[in-house]
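Topology and contacts: notes
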Amino acid sequence: MSFLIGKNMTGGYGSVDILHSCTVGVERGEIAVVVGPNGAGKSTAMKAMFGMLALRGGQVIMKGEDITTLKPQERVLKGMGFVPQTQNVFPSMTVEENLEMGAFIRRDDVAETMGQVFDLFPILKDKRHQPAGELSGGQRQQVAVGRALMTRPDVLMLDEPTAGVSPIVMDELFDRIIEIARTDIAILMVEQNAKQALAIADKGYVLVQGANRYTDTGEALLENPDVRRAFLGG
Amino acid sequence: MLDILNALTVIGNFVIIPGLAYGSQLALGALGVTLVYSVLRFSNFAHGEMMSFGAMLSVLVTFWLQGAGIGAGLLPTALIALPVSILGTVLLCLLIDRLVYRYYRQTRAPNVTYLIVSIGVMFTIGGLVRFIIGPSDRIFTDGSRFIIKARSFKEMTGLNEGLAIKMTQGVTLATAIVIVIAVFWFLNKTRTGKSMRAYSDNEDLALLSGINPERVVMITWIIAAALAAIAGTLYGLDKSFKPFTFLQLLLPIFAAAIVGGVGNPVGAIAGGFVIAFSELFVTFAYKKVLTYLLPESLAPESLMQLLSTEYKIALSFVILVIVLLIRPTGLFSGKTL
């Protein structure tokens, strides 16, 4: 039994199903990556696990508890952190205020967690009084990840964290994500940059048309000739 | 030299002092409009009537206090009535939100629906006010009339021209400064204020962060209503309370909010003063000033007024159009809280 698992998820945004009995799971301290071609339902699968999408079939189970019917906010309280792909910061608020808002549901002192986020992303400490909207794309992604970490989640879900950032920044972000996973947080990530993402993944899911096509360790998927040919450009 | 001082005194007396008071009233009104716009995302046309309602409560409570022989000494009694008026206006707004706006929030109505609904609310509150207090003009200021009288200013300085500061003008400016500082402190320093800004910035992310939208909406109404009650009361004190003027006042208030950049509180305050001073500078009769400044042979015969005071309201729109042509987002970039 995985720490967090979406089992046989079926559903979509209206009458048409996008996910067809799709299963995605992740363990504590591990990185699970969901890859696949455009329109494969990668982001949809993640949204379904976070409760932003009503499922017609299947269930989402976290720490052995069925959370299929919970709203996103309730899942945050259960220990889920979510970083949306776009519009994932409060642009007119400072970096520090962004982090404070991330910790809104916490009533205790958040200074320690904020210190940990600043240790993880030192650049944010320098820019903490600057509005998040004025930062570069990569720095903004760091704010977005930092904001989600402020609730001290058990699971961190990232929807294409490296979309629109340069390759150097992407490597840097992946390094940070590995560091986060080492603190015993489960990381579930949807990625366009499949090769690089699978290289750091403990587990990889290749989705095609809303269904699981290949599921294996990241390493094995990278070496699988079928996967290479069809999804990784040879 | 004396002529220049006399000319400056004339401008100070007829433009600067009234402009500061009128600008403060507009700024407080525009601040309320901007807050509602950035959190609830619609232009609240009922804001003028909310001010009227608050001013009406102040008038009624002031009359009652005067009847009971309670006063504030040199200050207007209305200041004692103000907390009651704020409370009443807040309750009215929360009631209207519960009965009217909440329905449209739940059905996720488009912004234009809200706008039309707010016009309906405007007529309803306007009717309510006239039903309760009647349409006539009421003067409810009392206490000392002046902080500085024109004659004592003349005696003090030896100038030909007097500079008068009315008590209501002083009270208006002082109150506005305190209230604006309080609002900014709230928005920037408190957890609740920050959650309001977060909600205004990025609604979805605010929901993900566990910010309760209904609470944010409620607090926004409380602040907007309090600002409206204060602005309405100060305006009523300074001029007089006449229910119909608040419909007209809506125009410069919206102009102020838009000129400053809708959704930007700093902009709303700047916009209030821009509109107020433009109205006064353009409609001011410069005859006296020029008589002091120019040689006797060039002294003007006419009033030397750029526009007659009847065009005051239209002027807000001229400024609005000019600003929107040059800086479409307003003087300060809009849409942030």
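Residues numbered from 1 in each chain as written. Chains lettered and ligands numbered in written order. Predicted model: local features only at pLDDT ≥ 70, side-chain atom pairs only at ≥ 80, totals over all residues.

So, the overall build of chain A
Across its full length, chain A holds ten helices and ten strands. Taken along its principal axes, the extent of the C-alpha atoms in chain A is 45 × 40 × 30 Å. Residues classed as buried in chain A amount to 46% of the 234 residues present. In chain A, the share of contacts with a sequence separation of at least 24, taken over all contacts with a separation of at least 6, comes to 67%. (Helix = DSSP H or I, 4+ residues; strand = E, 2+ residues; numbered from the N terminus. Buried ≥ 20, exposed ≤ 12 C-beta atoms within 10 Å, placed from the backbone. Contact = placed C-beta atoms within 7 Å.)

Brief notes about the sheet that holds strand β9 (residues 203-208) of chain A
Residues and elements named next belong to chain A. Strand order across the open sheet formed by six strands is β6-β7-β8-β3-β9-β10, with mixed pairing between neighbours. The sheet is open, and its two edges are formed by β6 (80-83) and β10 (211-216), each paired on a single side. Each strand axis lies, on average, 15° off the axis of its neighbour in the sheet, ignoring direction. Pairing analysis gives four bridges linking strand β3 (residues 31-35) to strand β8 (residues 186-190), with the strands arranged parallel. Residue pairing for β8: Val-33 is matched across the bridge by Met-189. (Pairing = 2+ DSSP bridges. Axes fitted to C-alpha atoms, helices over the stretch in contact; angles between N-to-C directions.)

Points about helix α13 (residues 312-326) of chain B
Residue and element names in this part refer to chain B. In a regular helix each residue adds 1.5 Å, so 15 residues correspond to 21 Å; α13 covers 22 Å between its end C-alpha atoms and thus fits that length. Looking only at α13, the buried set comprises Leu-315, Ser-316, Ile-319, Leu-320 and Val-323. All buried residues of α13 project into a common sector of 145° when viewed along the axis, lining one side. Set apart from the buried face of α13 by more than 90 degrees, the exposed residues are Ala-314, Val-321, Ile-322 and Leu-325. Buried residues along α13 sit against α10 (245-260) and α11 (265-283). (Expected span 1.5 Å × (residues − 1). Arc of directions from axis to C-beta.)

Points about the environment of B:Val323
Residues and elements named next belong to chain B. Turning to its location among the elements, Val-323 is positioned in helix α13. Residue Val-323 is classed as buried on the basis of its C-beta count, with 20 C-beta atoms lying within 10 Å. Between the C-alpha atoms of Val-323 and Ile-258, which are 65 residues apart in sequence, the distance is 8.9 Å. In contact with Val-323, not counting residues within four places along its chain, are Val-259, Gly-330 and Leu-331.

Digging into the interface of chain B and chain A
With 14 residues of chain B at the interface, the matching set in chain A holds 16 residues. Elements with a contribution of two residues or more to the side of chain B that touches chain A: α7 (191-201) and α8 (203-208) of chain B. The dominant element in the side of chain B that touches chain A, judged by the number of residues it contributes, is α7(B), at five residues. Here the residues of the side of chain B that touches chain A sort into five nonpolar, five polar and four charged. (Nonpolar A, V, L, I, M, F, W, Y, C, P; charged D, E, K, R; others polar.)

Quick look at the nonpolar core
A:Ala45, A:Met157, A:Ile187 and B:Ala256 are the most contacted members of the largest nonpolar core, which totals 166 residues. Setting aside residues no more than four positions away along its own chain, A:Ala45 makes contact with A:Gly6, A:Met9, A:Leu19, A:Cys22, A:Val24, A:Val34 and A:Leu207. (Core = buried A, V, L, I, M, F, W, Y, C linked by C-beta atoms within 7 Å.)

Quick word on helix α6 (residues 137-149) of chain A
All names here are of chain A. The terminal C-alpha atoms of α6, which comprises 13 residues, lie 19 Å apart, in line with the 18 Å expected from a rise of 1.5 Å per residue. Of all the 13 residues making up α6, eleven are buried; the element is thus mostly covered by neighbouring parts of the structure. Three or more residues of α6 are buried, namely Gln-139, Arg-140, Gln-141, Gln-142, Val-143, Ala-144, Val-145, Gly-146, Arg-147, Ala-148 and Leu-149. Those residues of α6 that are buried are in contact with β6, α3 (95-102), α4 (111-120), α5 (122-126), β7 (155-159) and α7 (167-182).

Some words on the packing of helix α3 (residues 78-106) of chain B against helix α9 (residues 213-238) of chain B
All names here are of chain B. For the pair α3 and α9, interaxial distance at closest approach is 8 Å and the crossing angle is 140°. Judged on the interaxial angle alone, α9 and α3 are oblique. The element α3 and its partner α9 pack so that their crossing is right-handed. Taking contact as the criterion, the partners of Ala-78, Leu-82, Ser-85, Ile-86, Thr-89, Val-90, Cys-93, Leu-94 and Asp-97 in α3 are, on α9, Val-217, Met-218, Trp-221, Ile-222, Ala-224, Ala-225, Ala-226, Ala-228, Ala-229, Ile-230, Thr-233 and Leu-237. The residue makeup of the contact of α3 with α9, split by class, is 17 nonpolar, three polar and one charged. (Parallel < 35°, antiparallel > 145°, perpendicular 65-115°, else oblique. Left-handed = near helix turned anticlockwise from the far one by under 90°.)

Quick look at unusual backbone geometry
The phi dihedral of A:Gln87 falls on the positive side, at around 45°, and the residue is not glycine. Look at B:Arg108: it is not a glycine, yet its phi comes out positive at around 50°. Among the residues examined, B:Arg108 registers 7 C-beta atoms within 10 Å and is labelled exposed.

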